[in-house]
Amino acid sequence: MSTRPVPYDPELVAGLAAFQSLFEPYPLRADTILPSRRHIARLIPPLEEQIGSLPVTGTDLLIPGPAGSPDVTVTVIRPAAVQAGPAPAVLGIHGGGMVLGTRFFGTGELIDLAHRHGVVGVAVEYRLAPEHPGPAAAEDCYAALAWLAAHAPGLGVDPERIIVSGASAGGGLSASVALMARDRGGPRLAGQLLNTPMLDDRNESVSSRQYSGLGIWDRGNNEAAWTAVLGQARGTADVHPYSAAARAKDLTGLPPAFIDVGAAELFRDEATAYATRLWAAGGTAELHVWSGAYHGFSGSSPAARVSRAAQEARESWLCRTLRLGPSA
């Protein structure tokens, strides 16, 4: 079987090179996770800088964690002005392979939604591997969802318009949280936004082999991250779906999904397989596979035509799913 990669969109090549030089000073391996984590943390702007002069507020709170586990820190992001009526809400879960990043890695999207649409965002600081193997991260994120739903009236949130959203590892964790909410009879989600999601620990797809040594997140990085999360269980039959959502045998009864992924990246095949399985289970999924796009392309090459198309598609799904009006 050929492992020749899908070529990149020419408009994205410069952005990919800049992205790699900024975020990947060393390949992610067991012995580089901690220095990589420190490096990434230094690159993430503080929340105040991300908000700037926008009429948006951010409040840090310590909420109850999973049973028998530490409390969880969340940041609630909302419009500064009082809203007329309950607002939709997004539980935002950051990326970073479940080994890197902080809750502020994904707050830019929440700030934008609060500013333009009056959405309340909750960014969750989940525990990272290898110090905290799976499903610790998903359990923390589920605890944040349960807290958000339970405190919806006080937060000014419409409990019927809550979605879970994340990119990369955040997308995979969002899928796991949706499974947990279904299985536990928990909060009823209006949707799950899975942006280039990290779903499958087995790392054996065609696309994972095409992008070995290529791109911002390649096969070696993926193997190192999943091994940190799962240890010796990685790739075996002992992996629970709350750690790797692709392992779920039953995908019935899940909230509508938005799934997008690049055609020129490692997660392409597992993302498309997950959408296909959702449809086969009678579920609702909207799938976009962006031609020539690498992992994280729309954030680092926002002016490219394919990036603008991807951003418009996500905006359309969010507006339909959360019943949002025109942008402010």
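As a reminder, the structure under discussion sits directly above these lines.
Residues numbered from 1 in each chain as written. Predicted model: local features only at pLDDT ≥ 70, side-chain atom pairs only at ≥ 80, totals over all residues. Heavy atoms only, no water.

(A) Just the side chain of S208, in detail. Inspection of the secondary structure puts S208 in helix α8 (residues 206-210). Residue classification places S208 among the buried residues on the basis of a relative accessible area of 0%. Looking at S208, its side chain comes within polar contact range of the main-chain oxygen of S205, at 2.8 Å. With residues near it in sequence (within four places) discarded, S208 still touches N203, R219 and L266. (Helix = DSSP H or I, 4+ residues; strand = E, 2+ residues; numbered from the N terminus. Buried < 20%, exposed > 50% of the residue type's maximum accessible area, 1.4 Å probe, protein only. Polar contact = N/O pair within 3.5 Å; in protein donor to acceptor, adjacent residues only side chain to side chain. Contact = heavy atoms within 4.5 Å.)

(B) Focus on the pairing of strand β7 (residues 257-262). For β7, a buried count of 6 out of 6 residues is recorded, marking the element as mostly surrounded by other parts of the structure. Taking every second residue as pointing to the same face, both faces of β7 are buried, with A257, I259 and V261 on one and F258, D260 and G262 on the other. Strand direction decides the pairing type here: β7 and strand β8 (residues 285-290), joined by 6 bridges, are parallel. Paired with G262 across the two strands is W290, which belongs to β8. In this fold, the crossover linking β7 to β8 by way of helix α10 (residues 268-280) has right-handed handedness. (Pairing = 2+ DSSP bridges. Right-handed = clockwise from strand over helix to strand, strands pointing away.)

(C) Structural context of the packing of helix α5 (residues 136-150) against helix α7 (residues 169-183). For the pair α5 and α7, the least separation of the axes is 9 Å and the interaxial angle reads 65°. As α5 packs across α7, the resulting crossing turns out to be right-handed. Where α5 approaches α7, its residues A137, A138, E139, C141, Y142 and L145 are matched on the opposing element by L173, S176, V177, M180 and A181. Class assignment of the residues belonging to the contact of α5 with α7 gives a composition of 9 nonpolar, 1 polar and 1 charged. (Axes fitted to C-alpha atoms, helices over the stretch in contact; angles between N-to-C directions. Left-handed = near helix turned anticlockwise from the far one by under 90°. Nonpolar A, V, L, I, M, F, W, Y, C, P; charged D, E, K, R; others polar.)

(D) Spotlight on the sheet that holds strand β4 (residues 120-125). Judged by pairing direction, the sheet is mixed, and its 8 strands sit side by side in the order β1-β2-β4-β3-β5-β6-β7-β8 without closing on themselves. Every other strand in the sheet has two partners, leaving β1 (56-63) and β8 as the edge strands with one partner each. Looking at each pair of strands side by side, their axes are set apart by 15° on average, direction ignored. Where β1 meets strand β2 (residues 72-79), 8 bridges bridge the pair, whose relative direction is antiparallel. What sits directly across from L61, in β2, is V74. The strands touched by α7 are β3 (87-93), β5 (157-167) and β6 (191-195); relative to β5, the strand with the most contacts, the crossing angle is about 140°.

(E) Quick look at unusual backbone geometry. Cis peptide bonds are those with omega within 30 degrees of zero, and the linkage from A129 to P130 qualifies with 5°. With respect to the helices and strands, P130 occurs in the loop between β4 and α5. In this structure, the amide linkage connecting G134 to the following residue, P135, adopts the cis form with an omega of 5°. Relative to the helices and strands, P135 resides in the loop between β4 and α5. In this model, S168 sits at a positive phi of 60°, which is unusual for a non-glycine residue. With respect to the helices and strands, S168 occurs in the loop between β5 and α7. By relative accessible area, S168 is classed as buried at 10%. With a phi angle near 40°, T196 is a residue other than glycine that sits in the positive phi range. You can call T196 buried: its relative accessible area is 5%.

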